[in-house]
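These are the residues of each chain, in order.
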Amino acid sequence: MSLVNRICLVAALLMAGLLVACAGNSVQPAASIPRPSAPPLPTLDAQQVLLGARVYRDNCAACHGADGEGQPDWKVPGPDGVYPAPPHDASGHTWHHGDGLLYQIINEGGASLNVPDFKSNMPAFGSTLNDSDIQAVIEYLKSTWPEQERQTQWLASQNDRLPAPGQ
Ligand code: HEC
């Protein structure tokens, strides 16, 4: 599902919640508006986060920045039409993507998204990193997000899981 579709879906679910609240013909306090639900946010695996931090430092930091701050002017393509590396922190949109999509982008590279007329500079790491490294680096990225971004990403992951082992 594209980012725009995801945002629309979340917006639609929130609207549906509002309608249900209004149909009850009473003014509901905001806190009682039903929200799209997900199981409670899981605790991150400290070992994986440590491994992921190493994987990140060795493979990703050169482009995405030591602290995930991204490259300057990352929203503006260079003269070759290629975009700089975006941040992974709350100011970027890595946290908008579910686990499955994050895995795909890291494993198969940005080109795997098949965006027309888009030349991606995000390499495919499938031949240099194994499954556990990729999962660990995703776990590490999660450890850098504030609670709200983690919640959003956890919600997006409900229908977009990591591939099962061996796939
Ligand atoms: C050579 C520079 C480079 C390296 C190294 C690199 N990336 Fe990227 N990455 C990019 C660029 C550029 C993009 C922006 C999208 C595009 O151009 O395809 C990107 C996009 C992404 C995205 C999608 C972000 C979004 O907002 O949708 C993720 C996730 C990501 N990279 C993770 C990683 C991880 C994890 C590593 C290390 C294992 C890594 N990248 C290493 C350049 C790089």
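Reference entry: report on the structure contained in this document. (Residues numbered from 1 in each chain as written. Predicted model: local features only at pLDDT ≥ 70, side-chain atom pairs only at ≥ 80, totals over all residues.)

## Looking at the nonpolar core
Soluble globular proteins tend to bury their nonpolar side chains together. If you look at the biggest cluster of nonpolar residues, it comprises 14 residues, and the most contacted ones within it are Ile 106, Val 137 and Ile 138. When contributions to this core are tallied by element, the ones reaching two or more residues are α2 (46-59), α4 (99-108) and α5 (131-143). (Core = buried A, V, L, I, M, F, W, Y, C linked by C-beta atoms within 7 Å. Buried ≥ 20, exposed ≤ 12 C-beta atoms within 10 Å, placed from the backbone. Helix = DSSP H or I, 4+ residues; strand = E, 2+ residues; numbered from the N terminus.)

## Here's the deal with the packing of α4 against α5
At their nearest, the axes of α4 and α5 sit 10 Å apart, and the two run at 125° to each other. The angle between α4 and α5 places the two elements in the oblique class. As α4 runs across α5, the sense of the crossing is right-handed. Here α4 contributes Asp 99, Leu 102, Tyr 103, Ile 106 and Asn 107 to the contact with α5, which in turn contributes Ile 134, Val 137 and Ile 138. Here the residues of the contact of α4 with α5 sort into six nonpolar, one polar and one charged. (Axes fitted to C-alpha atoms, helices over the stretch in contact; angles between N-to-C directions. Parallel < 35°, antiparallel > 145°, perpendicular 65-115°, else oblique. Left-handed = near helix turned anticlockwise from the far one by under 90°. Contact = placed C-beta atoms within 7 Å. Nonpolar A, V, L, I, M, F, W, Y, C, P; charged D, E, K, R; others polar.)

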